[in-house]
Amino acid sequence: MVLNLTVCQAFNVADAGTAFPSGRPGWLAGVGVVDYTPLGSFLTDRQKLVVTPTRRKAEQDGSMSTSRGILAYGVHLPYNRLARSAIGEVMGSGGGRGHRSVASYDEDTTTMGVEAARRALAGGVPAPEAVWFSTVAPAYLDKTNATVMHAALRLDSLVPALDFGGAARSAIGALRTALDGPKRTLMVASDIRVSLPTGPEDGGGGDAAVAVLVGCSEDGPLLAEYLGGASATAEFTDRWRTPGSDHSRNWEDRFGEQAYLPLVRKAWAEALATTGLAPDDVAVAAVTGLHARATRKAASGLGVAIAGDLADTVGNAGAAHPALLLADVLDAADPGDVVALVVLADGCEVLLFRATHALAAGRPGRSVADQVADRADVAYARYLTWRGLLQVQPPNRPGPNRTSAPAALRRTDWKHGFVGSTDRTTGITHLPPSRVGISGGTVDDMDPTPMADAIGTVATFTVDRLAHSPSPPVVFAVVDFDGGGRMPIELTDVDPTAVAIGDRVEMTFRRLSTSDGLHNYFWKGRPLRG
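Just so you know, these numbers come straight off a predicted model, no measurement behind them. (Residues numbered from 1 in each chain as written. Predicted model: local features only at pLDDT ≥ 70, side-chain atom pairs only at ≥ 80, totals over all residues. Heavy atoms only, no water.)

Chemist: Help me understand the packing of aromatic side chains, please; the structure alone is not making it clear to me.
Modeler: Aromatic ring pairs are described here by two measures, namely the spacing of the ring centres and the angle between the planes. Applying the stated criterion across every chain yields a total of 15 aromatic pairs. When the centroid spacing of 6.4 Å and the interplanar angle of 75° are considered together, the rings of F236 and F255 count as edge-to-face. One end of the pair, F236, is in the loop between β11 (224-233) and β12 (239-240); the other, F255, is in helix α8 (residues 253-275), and 19 residues separate them in sequence. Classification of F236 by relative accessible area gives buried; the value is 11%. Pairing F509 with Y521 gives two aromatic rings, centres 5.6 Å apart and planes at 20°, and the pair type is stacked. Here the residue F509 occupies a position in strand β24 (residues 504-515), and Y521 occupies one in strand β25 (residues 518-527), the gap between them amounting to 12 residues. (Phe/Tyr/Trp six-rings, centres within 6.5 Å; stacked < 30°, edge-to-face > 60°. Helix = DSSP H or I, 4+ residues; strand = E, 2+ residues; numbered from the N terminus. Buried < 20%, exposed > 50% of the residue type's maximum accessible area, 1.4 Å probe, protein only.)

Chemist: What am I meant to see in the pairing of strand β6 (residues 99-102) here?
Modeler: Along a regular strand, successive side chains alternate from one face of the sheet to the other. Side chains H99 and S101 project from β6 onto one buried face, and the interleaved R100 and V102 project onto a second face that is buried too. Of the strand pairs in this sheet, strand β5 (residues 80-83) and β6 are connected by four bridges, and their pairing is antiparallel. By the bridge assignment for β6, L82 is matched with R100. (Pairing = 2+ DSSP bridges.)

Chemist: Explain the nonpolar core to me, please; I cannot follow it from the model alone.
Modeler: A general feature of soluble globular proteins is that nonpolar side chains tend to end up buried together. In terms of nonpolar packing, the biggest core is built from 49 residues, with L186, F418, F481 and W523 touching the most fellow members. Among the elements that make up this core, the one with the highest residue count is helix α4 (residues 109-120) (five residues). Ignoring any residue separated from it by four or fewer positions in sequence, one finds F481 in contact with F418, L431, M451, A454, I455, G456, M487 and M507. Judged by nonpolar contacts, the second largest core, of 47 residues, contains A307, V314, A320 and L325. (Core = buried A, V, L, I, M, F, W, Y, C linked by side-chain atoms within 4.5 Å. Contact = heavy atoms within 4.5 Å.)

Chemist: Sorry if this is basic, but what is going on with the environment of V314 here?
Modeler: Mapped onto the elements, V314 comes out in the loop between α9 (292-300) and α10 (321-330). Placed 110 residues apart in sequence, V314 and G204 show a C-alpha to C-alpha distance of 8.6 Å. For V314, the contacting residues outside a window of four places in its chain are L77, H99, R100, S101, G205, G206, L324 and V372.

Chemist: Would you mind going over the sheet that holds β6 with me for this structure?
Modeler: Pairing between the strands of a sheet comes from backbone hydrogen bonds, and it takes one of two forms, parallel or antiparallel. What the three strands build is an open sheet, ordered β6-β5-β17; its pairing is mixed. Either end of the sheet is taken by a strand with one partner, and the two such strands are β6 and β17 (376-377). The strands that helix α3 (residues 84-91) touches are β5 and β6; relative to β5, the one it contacts most, it runs at about 55°. (Axes fitted to C-alpha atoms, helices over the stretch in contact; angles between N-to-C directions.)

Chemist: Just checking my understanding: could you explain the side chain of T422 for this structure?
Modeler: Position of T422 relative to the elements: it lies in strand β18 (residues 419-423). A polar contact is formed between the side chain of T422 and the side chain of T429, at a distance of 3.0 Å. Here T422 is in contact with G427, I428, T429, D445, M446, D447 and T449, once residues within four sequence places are set aside. (Polar contact = N/O pair within 3.5 Å; in protein donor to acceptor, adjacent residues only side chain to side chain.)

Chemist: Which parts of the structure should I look at to understand the sheet that holds strand β10 (residues 207-216)?
Modeler: Taken together, the nine strands give an open sheet; going across it, the order is β8-β7-β9-β10-β4-β11-β16-β15-β14, and neighbouring strands pair in mixed fashion. Each having just a single partner strand, β8 (161-165) and β14 (284-289) make up the two edges of the open sheet. For this sheet, the mean angle separating the axes of adjacent strands, direction not counted, is 25°. Bridge count for strand β7 (residues 130-135) against β8 is five bridges, and the pairing is parallel. Of the residues in β8, the one forming a bridge with V131 is A161. Packed on one face of the sheet, α9 meets β14 and β15 (338-344) and runs near 160° to β14.

Chemist: Got a minute to help me understand the pattern of salt bridges in this structure?
Modeler: Pairing is possible between side chains that carry opposite charge, provided their charged atoms lie close to one another. Enumeration according to the criterion identifies 29 salt bridges in this entry. Close ionic contact of E257 with R293 constitutes a salt bridge, the shortest N to O distance being 2.5 Å. Of the two residues, E257 is situated in helix α8 and R293 in helix α9; the sequence distance between them amounts to 36 residues. With a shortest N-O distance of 3.0 Å, D374 and R366 are connected by a salt bridge. (Salt bridge = Lys/Arg side-chain N within 4 Å of Asp/Glu carboxyl O.)

Chemist: Is there a simple way to explain unusual backbone geometry in this structure?
Modeler: With glycine set apart, most residues show a phi of negative sign, and most peptide bonds adopt trans. Backbone torsion omega between L431 and P432 reads 0°, so that peptide bond is classified as cis. On the secondary structure map, P432 appears in the loop between β19 (429-430) and β20 (446-450). Here the amide bond leading from P472 into P473 is cis, since omega sits at 0°, within 30 degrees of zero. Mapped onto the elements of the fold, P473 is located in the loop between β21 (455-464) and β22 (474-481). Even without a glycine there, the phi angle at L310 is positive, about 60°. Tracing the backbone through its elements, the reader meets L310 in the loop between α9 and α10. Here D444, not a glycine, exhibits a phi torsion of approximately 60°, which is positive. Here D444 is to be found in the loop between β19 and β20. The class of D444 is partly exposed, set by a relative accessible area of 43%.

Functional significance is not addressed by these values, which are geometric in nature.
What follows is the structure, given as structure tokens:
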């Protein structure tokens, strides 16, 4: 059995005595050192490996019979695509072949994360015991974004929701930490890549979100068993963005290549050694990073088959791209395949998985390939408007008021969870929820009715070209939901000229508006496709 060891690498000292002259600090209490070599030389010494007390106790009493891995996963690719050729047509330079995915004007990293998480949890898997959200483009600072996901997923208040942010490496680091930890954790990575027009990520970036539910075999059948991995770190600056800046900057390409390749070779060799695998045992490796030149060079030196990088159809989705490529590989993996994930981000992370026989039945309903194929092109000028890079004449009607935090808290089940109420006497479903039935009756004689997964039919609709919207016109529809319930809702990801009575719609979590720095999240309808 391969032991998953937690790697402790953040010491700037020569030996343990120098680091802790008066003994171990409190955060190391109960941690037993398995192997230690001083970290005095750069990227040549062995890493310090520690075993958590829980894992050590399991080894001692012989109870270590479970393995950890992926219980479920889900992907959200925005419906809109930007043809790279459109960039050159407008700007006279930039662009290229293929498309990049584009988050709509009413999407941000939080809403996309909610959609990915809903797909991951749709198969009846156990609820997570923690939610971790990682992005480099958060909707809020000084406020936890993961709590919005927590509310939209209607999780118990005792389930912690935490943000892992600041750098693209935080996302793969959160996944590794979840795999090494004891809890059933939902790790969500989401990113919206933006650069100045004709910049490298204007066409080369992509928008996406991925959710991975990590747990042990006692929680349910693992779709992919985690075999282990390795991590290599060094301090160098090939990409950076300072607080308050909207766009990343890059150093010269050759420098990044020279810095990354030794780290990749070291992490790859260490991962194979600690798992007892050889390159011939690896069926495919997904290799990704925001430094394209170093990533291509590193992939060519692994000695294994390399998975497609989705560059021509999605672009590089930054913090979300490692999990996106992993999901794409798992969509097609056979039982027993060993899959490697190699990530270049301020160092190198290598994770190794083995696909199980449960994978075929546990895959999400919509694969990465399905979502790549389901798209609509967006004009370059509209894309620039959505990203705030091109200012246009706003609507003449007043903008929305600031959302009320107390009101949102009082109605969070409705606002974030889309929970209506059903009269116990008449069976009528009320949207929004009501204390008294439309036909009268007893007060508070209602059952909560979750509607986020309900499918509905357009009973009637209107196209409003005067309503305030970042992307007019606005399509409103009255929707009759299967099983009961009717309400007017805004439609999104829709062609206003193609809407018709009788269209089938599903619900999606979106951002209605932003005023005074506060985002107003709620649910919209979108055409049911696929």
